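If you want the building blocks of each chain, they are given just below.
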Amino acid sequence: MPRGLFITFEGLDGSGKTTQIKRLAEWLTKRGHLPVVTRQPGGTNTGDRIRALVLDSRSTGLAPMTEMALMFADRAQAISEVIQPALDAGKIVLCDRFTDSTEAYQGGGRQLGSQVVLDLHRLICGNLQPDLTLLLLPPLERNLARARSRNQRVAARTGCDEGRFEAEHDAFHHRVADKYKQIAAREPARVVLIEGDLTIEEVHERIAAAVSARLSRGGSGVPVPNAQSTP
Ligand code: TYD
């Protein structure tokens, strides 16, 4: 069976990825596709434990290489358990973050550089590449304020603290955003950059247009959406 379609979402914390993934999953479902939705870090039992370790503000003193190795350990498990089996079954996979996050956060933010991330990706992930990456970059200040207040709300409600990255200083997030822009410039055929102060609806429309174009190009195991589809 031909391979399915692998779509990843990228962006800074608070960029609205979660809302947009949900909207795209609904949009695809209306068109007769049943996407597999997953996230990194997390998405498997082992991955959820790695997620708890790596995102918790109490994980102090984690060396950048340790952080990167944990992200790749999580990813290797997700590919083996979730992503590759779904693609082999011809499904559409929507993944909240993938190796571009490691390149942006550890390569850019932590200043490990791109090369080590790309080399590890080739070794550990068998160089599995997304067919399409939707990169959301709303204005940085709006992003961070949203991400920080969301984490405080979640921590107050669940006692589960995932704020280690949001607690980083602004220069870190600027480096992450710059690295994301470099990736988009390097790989324009794969990465669709959606930036600026847009409404949820406007972002969704751009995502739907990009996915529609990718689906109608074919070349994967995913059937072309049927004609009676609704917006
Ligand atoms: P998550 O809650 O998924 O992000 P968001 O706030 O966008 O919903 O948190 C994941 C965090 O982990 C996020 O701050 C980015 C970071 N991260 C890395 O630093 N490297 C990686 O490879 C991945 C996948 C995530």
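Going by the structure above, here's the rest.
Definitions and limits used
Residues numbered from 1 in each chain as written. Predicted model: local features only at pLDDT ≥ 70, side-chain atom pairs only at ≥ 80, totals over all residues. Heavy atoms only, no water. Salt bridge = Lys/Arg side-chain N within 4 Å of Asp/Glu carboxyl O. Helix = DSSP H or I, 4+ residues; strand = E, 2+ residues; numbered from the N terminus. Buried < 20%, exposed > 50% of the residue type's maximum accessible area, 1.4 Å probe, protein only. Axes fitted to C-alpha atoms, helices over the stretch in contact; angles between N-to-C directions. Parallel < 35°, antiparallel > 145°, perpendicular 65-115°, else oblique. Left-handed = near helix turned anticlockwise from the far one by under 90°. Contact = heavy atoms within 4.5 Å. Nonpolar A, V, L, I, M, F, W, Y, C, P; charged D, E, K, R; others polar.

(A) Representation of the pattern of salt bridges within the structure. As enumerated under the stated definition, the model contains 14 salt bridges in all. The partner of Arg164 in a salt bridge is Glu67, with the nearest N and O atoms 2.6 Å apart. Taken together, the residues Arg164 in the loop between α6 (140–158) and α7 (170–186) and Glu67 in helix α3 (residues 64–88) connect sequence positions 97 residues apart. Neither residue differs from the other here; Arg164 and Glu67 are each classed as buried. When salt bridges with common partners are traced through the structure, they connect Asp100, Glu103, Arg186, Glu187 and Arg190 into a single cluster.

(B) Region of interest: the packing of helix α4 (residues 99–109) against helix α5 (residues 114–124). Contact pair α4 / α5: the axes reach a minimum separation of 9 Å and the direction vectors enclose 150°. Here α5 runs roughly antiparallel to α4, going by the angle between their axes. Once α4 is placed against α5, the crossing between them reads as right-handed. For the pair formed by α4 and α5, the contact residues are Thr99, Thr102, Glu103 and Gly107 on the first element and Ser114, Val117, Leu118 and His121 on the second. Residues of the contact of α4 with α5, tallied by class, amount to two nonpolar, five polar and one charged.

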